[in-house]
Amino acid sequence: MGAVCAIQMAYNLQNPIVPRYLIGLGTRETMLLEFSSTIVALILAGKVGSNIASELGTMRVTEQIDALEMMGVNSACYLILPKIAAFVFFIPVLTVFSMAIGLLGGYVASFSTAGLTPHDYVVGITSFFRPFYVTYALIKSLVFAFIIASVSSYHGYYAFGGALEVGKSSTHAVVYSSIVVLMFNLILTKLLL
Amino acid sequence: MIEVKNVCKEFSDVKVLYDICAEFLPGKTNLTIGQSGSGKTVLLKCIAGLHSVTSGDILYDGRSFCAMNEKQRKEIRKEMGMVFQGGALFDSNTVEENVMFPLEMFTRMTFEERRERANECLKRVNIINANKKYPSEISGGMQKRVAIARAIALNPKYLYCDEPNSGLDPVTSIVIDNLIKDITVEYNITTIVNTHDMNSVMEIGDKIIFIYKGRKKWEGTSAEIFSSGVKELDDFVFASERMKKIREMSK
Ligand SMILES: Nc1ncnc2c1ncn2[C@@H]1O[C@H](COP(=O)(O)OP(=O)(O)O)[C@@H](O)[C@H]1O
Ligand SMILES: [Mg+2]
């Protein structure tokens, strides 16, 4: 993502008046503000969301959830809470990781892109840094993780029917968690920035 | 003793059970029979409290199950064992862990005690040397038997089996049927078995309840089933042409 960002910025900002380090700066801001949290969340909605929904859905239609209830277990707490907790706990790591990889990608791209040198890029990504942007991205990613895990759990947990419905529930999980993530992206950006 | 009193059950818009009344006695294998989709599973889950009833009541030794709070229900759940249609073993646990699970939830036994009890139950259902296997690695008949072992781990007073021999060959079916019957008599359990298999009906049915499209149409013993005079039941029992011929011959 970082590489693509850098290349596109370089392509669009080919203007003698614009200082070239702005390309690096722009790449950094885009990565921090949007891609590392939102795009990663959307990708994970596809992966984690469908995973959670199909796992819970399978447990539902094979009556494993009923079996848990019979044994006096509060199945919702027992199955869903750990998933939400684990995902919310782990997503900051993924987000920071994606920031680093993205910035590195831009750096690699700067070697072969016309109108951008590695030096300009490094100057760009190291100037005018605002730590709050990282906080902002982390806050967003925490919220997104919660949304993805809970929306997907809901769809899996309340699946009814057979194998076909499990498939459907996991599709719904991905679609709805993506939509809710995008909506909250707007809301959080309005609130935080 | 379990009494089912005028139970009706609706799901949002569809009515599944209409005014069911029945009594289930200890030490007996009570069968609920009926076609697929007639509402046997729903009735069993209402009795076990997995579905709430829309109207009517379920009495356990005279105590109303529907009026109980969560804590009282949990007390009674301790005395219930359930074998679900597909076995419903936990995929990510081994056979042994599956049988140990209810013990972990309801008792204060140590790990060793639990394992010992689990092995006892597994031996009772003739599962040997499969303790460390996962449910996906054993056959359907074995899964059912492990499910039975899990259901009896806590020495239940009530045992519910939902189509314990669906999808099994006739020989394995009989093994499972006899197992259920033996356990019932051995521990004086109130057992309710859902089935649509006529073999089990004749083999183990002490008392039989016939459900047709959510209504109870008939109840009696396996000896009376051929002379019930209820048209829907006759259609169910003599579904195949061969059975009809046998009936003609015996007349
Ligand atoms: N959770 C549910 N929501 C809506 N309908 C249900 C639900 N569970 C069962 N049903 C309906 O109740 C009817 C009876 O089902 P069931 O008790 O499973 O039949 P069976 O006698 O084969 O066990 C079916 O028509 C089924 O679609
Ligand atoms: Mg059923």
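Residues numbered from 1 in each chain as written. Chains lettered and ligands numbered in written order. Predicted model: local features only at pLDDT ≥ 70, side-chain atom pairs only at ≥ 80, totals over all residues. Heavy atoms only, no water.

Peer 1: Help me out: how do you make sense of the overall build of chain B in this one?
Peer 2: When helices and strands are counted, chain B shows nine helices and ten strands. Relative to its length of 251 residues, chain B is compact, with a C-alpha radius of gyration of 19 Å against a globular reference of 18 Å. Dimensions of chain B, computed from the C-alpha atoms along their principal axes, are close to 60 × 40 × 35 Å. Burial analysis of chain B (251 residues in total) assigns 51% to the buried set. Put simply, 66% of the contacts in chain B that link residues at least 6 apart link residues at least 24 apart. Where the 36 positive side-chain charges of chain B centre and where its 35 negative ones centre are 2 Å apart. (Helix = DSSP H or I, 4+ residues; strand = E, 2+ residues; numbered from the N terminus. Rg over C-alpha atoms; globule rule 2.2 N^0.38 Å. Buried < 20%, exposed > 50% of the residue type's maximum accessible area, 1.4 Å probe, protein only. Contact = heavy atoms within 4.5 Å. Lys, Arg positive; Asp, Glu negative; His and termini not counted. Charge placed at Lys NZ, Arg CZ, Asp CG, Glu CD.)

Peer 1: I would appreciate a short explanation of the packing of helix H1 (residues 2–12) of chain A against helix H4 (residues 75–110) of chain A in the present structure.
Peer 2: Relative orientation and spacing of two packed helices are given, respectively, by the angle between their axes and the distance between those axes. All names here are of chain A. It is the contact of H1 with H4, at a shortest axis distance of 6 Å, that shows an interaxial angle of 50°. Of the possible angle classes, the one that applies to H1 and H4 is oblique. Taken as a pair, H1 and H4 cross one another with a handedness that is right-handed. Packed against H1, whose contacting residues are Gly2, Ala3, Ala6 and Ile7, the element H4 presents Gly102, Gly105, Gly106 and Ala109 at the interface. A class-by-class count of the residues in the contact of H1 with H4 yields four nonpolar, four polar and no charged. (Axes fitted to C-alpha atoms, helices over the stretch in contact; angles between N-to-C directions. Parallel < 35°, antiparallel > 145°, perpendicular 65-115°, else oblique. Left-handed = near helix turned anticlockwise from the far one by under 90°. Nonpolar A, V, L, I, M, F, W, Y, C, P; charged D, E, K, R; others polar.)

Peer 1: So what exactly am I meant to see when it comes to a nonpolar patch on the surface here?
Peer 2: Among the surface-exposed residues, Val175, Tyr176, Ile179, Met183, Phe184, Ile187 and Leu191 of chain A lie close enough to one another that they form a single nonpolar patch of about 650 Å² accessible area. Here Met183 of chain A shows up in helix H7 (residues 163–192). (Patch = residues over 30% accessible without salt bridge, like charges linked within 9 Å, V, L, I, M, F, W, Y side chains within 5 Å. Areas by Shrake-Rupley, 256 points an atom, 1.4 Å probe, with all protein chains shown as cover. Salt bridge = Lys/Arg side-chain N within 4 Å of Asp/Glu carboxyl O.)

Peer 1: Whenever I open this one, the interface of chain A and chain B confuses me. Can you help?
Peer 2: Interfaces are often sized by the accessible area lost when the parts come together. Counting residues at the interface gives 13 residues for chain A, matched by 21 residues for chain B. When the two sides are added together, the surface that chain A and chain B hide from each other amounts to roughly 1,400 Å², 66% of it contributed by carbon and sulfur. Per-residue buried area on chain A facing chain B is highest for Glu63, Met70 and Met71 of chain A; these three make up 50% of the total on that side. Summed over the shared surface of chain A and chain B, the result is two salt bridges. Here Asp66 of chain A ties to Lys45 of chain B by a salt bridge, and the two come within 2.9 Å at their closest N and O atoms. (Buried area = accessible area lost by both parts, 1.4 Å probe.)

Peer 1: Help me understand the site of ligand 1 in this model?
Peer 2: Within the structure, ligand 1 sits among Phe160 of chain A together with Phe11, Val16, Gln35, Ser36, Gly37, Ser38, Gly39, Lys40, Thr41 and Val42 of chain B. Neighbouring residues of ligand 1 are not confined to one chain but are distributed across chains A and B. At a separation of 3.3 Å, an oxygen atom of ligand 1 approaches a polar backbone atom of Ser38 of chain B. In isolation ligand 1 offers 560 Å² of accessible surface; the protein chains occlude 67% of this area. For ligand 1, the cavity whose grid points lie within 2 Å of the majority of its atoms is the largest pocket. Top contributing element to the shell around ligand 1 by residue count: helix H1 (residues 40–48) of chain B, with three residues. (Near = heavy atom within 4 Å. Polar contact = N/O pair within 3.5 Å; in protein donor to acceptor, adjacent residues only side chain to side chain. 1 Å grid on protein atoms, 1.4 Å probe; cavity = no way out; pocket = protein on both sides within 12 Å on 5 of 7 lines; lining within 4 Å. Sits in = over half its atoms within 2 Å of the grid points.)

Peer 1: Just to check I follow, could you spell out the nonpolar core for this structure?
Peer 2: Within soluble globular proteins, side chains that are nonpolar tend to cluster in buried spots. Ile2, Val4, Ile47, Ile58, Tyr60, Met80 and Tyr160 of chain B are the most contacted members of the largest nonpolar core, which has 61 residues in total. No other element matches the eight residues that helix H2 (residues 21–61) of chain A contributes to this core. If we ignore the near neighbours within four places in the chain, the residues touching Tyr160 of chain B are Ile2, Leu44, Ile47, Ala48, Tyr60, Met80, Gly81, Met82, Val83 and Ile192 of chain B. (Core = buried A, V, L, I, M, F, W, Y, C linked by side-chain atoms within 4.5 Å.)

Peer 1: Before we go on, may I ask you to explain the packing of helix H5 (residues 140–152) of chain B against helix H6 (residues 170–187) of chain B in this structure?
Peer 2: Residues and elements named next belong to chain B. Packing of H5 against H6 leaves a shortest axis separation of 10 Å and a crossing angle of 10°. With respect to H6, the axis of H5 lies roughly parallel. Across the interface between the two elements, Gly141, Lys144, Arg145, Ile148 and Ile152 of H5 pack against Thr172, Ile176, Leu179, Ile180 and Ile183 of H6. Per-class residue counts for the contact of H5 with H6 are six nonpolar, two polar and two charged.

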